[in-house]
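Single-letter residue listing:
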Amino acid sequence: MRPLFPGAGEHGRNGAVRTGQAMSREKDAANYAVVFFAAVSILLLLFPVSKIAHTVRIAASYSLYPSLHYGARYTHYVRNVPDNFLLLLETDQENRALKEKVRELEVRLQNAAAAAGEGERLAVEMGLSRALPWKGVWARIINKTPADWYGSFFVDKGAEQGVAINDTVLGMEQGHAGLAGRVLEVYPKFSKVLLLTNGAASAVGSIEPEGLEALVEGKGTWMLKMNYIPEEASLAEGAEVVTSPGGLLFPPGIPVGKVKKVYSRESFMNFITADVVPSVNVNTLKEVFVVRRNLPKELLGARQAEKK
Amino acid sequence: MSIIYEVVIYLAVGSTYWWWSQNLTVFGLAPNLMFAAALCAAILAGPVKGIAWGFFLGFYADMLGSDMFGGYALTYTLMAYGVYIIKRHFDMDSLFSQLVASLALSWLSILFYQGLVISFSRPSNLDLRVFLSEPFLNALVVPVMFRIFYQLKRGLGVL
């Protein structure tokens, strides 16, 4: 073999010979390797004609490669596969499809249960609304703001359905109507309702059976407060409070709540106060009945009056 | 110990390729990480190991495929041998030579594989979009993968 470095001495010549031999060995190894692996590859190319090999490979591919999950639908992917394995693939496909269907049906079932509950509730409310002496429209509560839970909510009826500012909003509680609040803002397709529990809301209440009038005010909590009760009133806990004929905003006789606690008179005041539990629990309200009041323009908000 | 690392790298490349082709395809196109890994291994490793890497990566690609079995194994085996021949004459460590090699070998590999498909399986269904775009995607990936493999070789003594 010709030395790589002709000018080198005997030692260098030996080293070059050794390097050349190593390269030759490496080349031989590469040649053997490529022949070996190429032969194995060609055998693999020929081998899948056997059903068992093809089946094993399809099974491995099916586990590794998601797109092959859908392979069972296309017979050309799984040709030459024994029927029992094909059946296994199809069963797996069927199982996946059924699981998806079960999930879908569970969602539908939940929706159906909610719809059935709503249907029952609406049926009761429709029956009640026929018994109500006022004309109005049912509205669904579409939005409650967590930050203003006892302050207001939106309903899905607006000016297009005849809702006007200051219309009375009733809620249903155990088959009885109760005062929930009044319409504060009206938009074409929805309205904002100011709840009686709002700190800015109030109504003139009449305490049954004597008919003593007092001002029921919201506190921003679930409880109402009744102010300006004459000190001589013999107010008992549990007494019912209804809207007073003296208040213009609300029709008379609508239940507002029941007296829960009566506070004794403070030395510097000449009236007493009481806590009132509202007739309507805003936490459970789903629909409300908006009573059309047809109030005089003077009682409407400026903007609404302009629109009209 | 290095054989364990090599098996882990091999499986990681296969899994990454599988995940990429499932989740990161753009218009159905993704770089062929198996090809890139086979090319990088052939550049960095000795001839026998490089050819073995080519064979086993091709074997993995064949496992993921659904038609012909052994086609990629043969293609990448021959490609690794070709790289062994080429790298005795050219410096394959440079970026430019890697880009040129990945472009040229991608096309050659695709054509060779399609030839095998016609010979062993059925009429070729070569997607022209893949044929035109995959080599460029591979060319982008090969230098990155080469750096990763190079670091792994230095750090773990693999390849």
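Now for a description of the structure that goes with this document.

As a further point, take the packing of aromatic side chains. For the structure on display, the rule yields 20 aromatic pairs over all chains. With centroids separated by 5.1 Å and ring planes inclined at 80 degrees, the aromatic side chains of F55 of chain B and F56 of chain B adopt a geometry described as edge-to-face. What links up through ring pairs into an aromatic cluster is the set F36 and F37 of chain A together with F55, F56, F59 and F69 of chain B.

Together, M1, I3, I4, V7, V8 and L11 of chain B line one region of the surface with nonpolar side chains, adding up to about 590 Å² of accessible area. Inspection of the secondary structure puts I4 of chain B in helix α1 (residues 2–23).

Next up on the list: helix α6 (residues 128–156) of chain B. Over its 29 residues, α6 of chain B extends 40 Å from the first C-alpha to the last, a length consistent with the 42 Å expected when each residue adds 1.5 Å. For α6 of chain B, the set of buried residues is F131, S133, E134, P135, N138, A139, V141, V142, P143, M145, F146 and F149 of chain B.

Quick look at the side chain of T273 of chain A now. Along the polypeptide, T273 of chain A turns up in strand β11 (residues 271–278). The exposure class of T273 of chain A is buried, given its relative accessible area of 14%.

Proximity of charged atoms lets side chains of opposite charge pair with each other. All names here are of chain A. According to the stated counting rule, one finds six salt bridges over all chains in the structure shown. Notably, a salt bridge pairs D92 with R96, separated by 2.9 Å at the nearest N-O pair. Residue D92 and its partner R96 are located together in helix α3 (residues 83–131), separated by four residues, close to a single helical turn. Look at D92 and you get partly exposed, because its relative accessible area is 23%. Judged by its relative accessible area of 38%, R96 is partly exposed.

Residue and element names in this part refer to chain A. For K144, the position within the fold is in strand β1 (residues 136–144). Polar side-chain contacts of K144 include one of 2.5 Å to the backbone oxygen of V282. The residues contacting K144, other than those within four sequence positions of it, are W149, F153, V282, N283 and L285.

With that out of the way, let us pick up the sheet that holds strand β2 (residues 152–155) of chain A. What the six strands build is a closed barrel, ordered β1-β2-β5-β4-β3-β12 (chain A); its pairing is antiparallel. On average, adjacent strands in this sheet sit at an angle of 45 degrees to one another, irrespective of strand direction.

About the cut-offs
- Residues numbered from 1 in each chain as written.
- Chains lettered and ligands numbered in written order.
- Predicted model: local features only at pLDDT ≥ 70, side-chain atom pairs only at ≥ 80, totals over all residues.
- Heavy atoms only, no water.
- Phe/Tyr/Trp six-rings, centres within 6.5 Å; stacked < 30°, edge-to-face > 60°.
- Patch = residues over 30% accessible without salt bridge, like charges linked within 9 Å, V, L, I, M, F, W, Y side chains within 5 Å.
- Areas by Shrake-Rupley, 256 points an atom, 1.4 Å probe, with all protein chains shown as cover.
- Salt bridge = Lys/Arg side-chain N within 4 Å of Asp/Glu carboxyl O.
- Helix = DSSP H or I, 4+ residues; strand = E, 2+ residues; numbered from the N terminus.
- Expected span 1.5 Å × (residues − 1).
- Buried < 20%, exposed > 50% of the residue type's maximum accessible area, 1.4 Å probe, protein only.
- Polar contact = N/O pair within 3.5 Å; in protein donor to acceptor, adjacent residues only side chain to side chain.
- Contact = heavy atoms within 4.5 Å.
- Pairing = 2+ DSSP bridges.
- Axes fitted to C-alpha atoms, helices over the stretch in contact; angles between N-to-C directions.

All we've got here are geometric facts, nothing functional implied.
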